[in-house]
Amino acid sequence: MARSSSGIVAGLTAAALATVGFLGYQASASAPARPAPAAQQPAPSTAPSQSTAPEAPGKPGPVPADSGKGVRVVYSVSQKRVWLVGGDGVETKSFSVMPSTVHPKTGSYSVDTRQGAVTGSDGAAVEHIVRFATTDGVVIGFSARKDGATPEPDATKKTGGIRMTRADGDAMWNFATIGTRVNVVA
């Protein structure tokens, strides 16, 4: 009887692993191809409601000292900035973002889901969604609007999409795979 039970458990485990593998493949297969070259991308609108993410003058500051160690995404809510930090602890890329109306609490998270393209909670078509937290029932994640815009979010809505340019969204997508640490600092 013990032999039969272990066979059932092994079968169920194999079925679960196959399902997870299939879902992972399905998620990666639904991801859009790399964004079109800049010449083919729509130009961001200059209308006030379509402002671009703020870019700090000069070179961005170093990776915050209180942001942990090792491979990680560092997101500073107050600086409206992200750093992608490689295995050697050196920043590989840093860029400004447009925060959502609901912010993650400071602390360490892990990328738990990714999705190639969806309609965001603000109704915009977005791509390269990298989710890592839930705050007050709102899912928080990084994404890029397909139209390339990074407008201020509607303050009357609870949204969790931290927006970035399409090029930065592509970099995030390639860097932040499932399980990658996301450290949120003030």
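It should be noted that the structure appears before, not after, this text.
This one's a predicted model, so the numbers in the text were calculated from it and none came from an experiment. (Residues numbered from 1 in each chain as written. Predicted model: local features only at pLDDT ≥ 70, side-chain atom pairs only at ≥ 80, totals over all residues. Heavy atoms only, no water.)

(A) Layout of the pairing of strand 9 (residues 181–185). The element strand 9 is largely enclosed, with a buried count of four among its five residues. The pairing of strand 1 (residues 72–76) with strand 9 spans four bridges and is parallel. Of the residues in strand 9, the one forming a bridge with V73 is V182. In this sheet, strand 9 lies alongside strand 4 (residues 107–110) in antiparallel orientation, the contact comprising four bridges. Considered in strand 9, the bridge of S108 is made with N183. (Buried < 20%, exposed > 50% of the residue type's maximum accessible area, 1.4 Å probe, protein only. Helix = DSSP H or I, 4+ residues; strand = E, 2+ residues; numbered from the N terminus. Pairing = 2+ DSSP bridges.)

(B) Structural view of the environment of A171. Residue position: A171 is located in helix 2 (residues 166–175). For the pair formed by A171 and T92, sequence separation is 79 residues and the distance between their alpha carbons is 9.9 Å. Sequence-distant contacts of A171, that is, excluding residues within four places in its chain, are made with L84 and K93. (Contact = heavy atoms within 4.5 Å.)

(C) A look at the sheet that holds strand 2 (residues 81–85). Strand order in the open sheet formed by five strands is 3-2-1-9-4, and the pairing between neighbours is mixed. The sheet is open, and its two borders are formed by strand 3 (91–96) and strand 4, each paired with just one other strand. Within this sheet the neighbouring strands show an average axis-to-axis angle of 20°, counted without direction. Bridging between strand 2 and strand 3 involves five bridges; their strand directions are antiparallel. Across the sheet, L84 pairs through a bridge with K93, a residue of strand 3. (Axes fitted to C-alpha atoms, helices over the stretch in contact; angles between N-to-C directions.)

(D) Helix 2, seen in detail. Burial analysis of helix 2 places seven of its ten residues in the buried class, the great majority of the element. Along helix 2, the positions that sit buried rather than exposed are R166, D168, G169, D170, A171, M172 and W173.

(E) Region of interest: the sheet that holds strand 7 (residues 138–145). Overall, mixed pairing links the four strands, which are arranged 5-6-7-8 in an open sheet. Across the chains shown, the open sheet's two edge strands, defined by having one partner strand only, are strand 5 (113–119) and strand 8 (161–164). Between one strand and the next, the sheet's axes are offset by a mean angle of 30°, whatever the strand orientation. In this sheet, strand 7 lies alongside strand 6 (residues 125–135) in antiparallel orientation, the contact comprising seven bridges.

(F) Region of interest: unusual backbone geometry. With a phi close to 50°, K80 is a non-glycine residue in the positive phi region. Along the chain, K80 falls in the loop between strand 1 and strand 2. With a relative accessible area of 29%, K80 lands in the partly exposed category. At D136, a residue that is not glycine, the phi angle is positive and equals roughly 50°. Relative to the helices and strands, D136 is located in the loop between strand 6 and strand 7.

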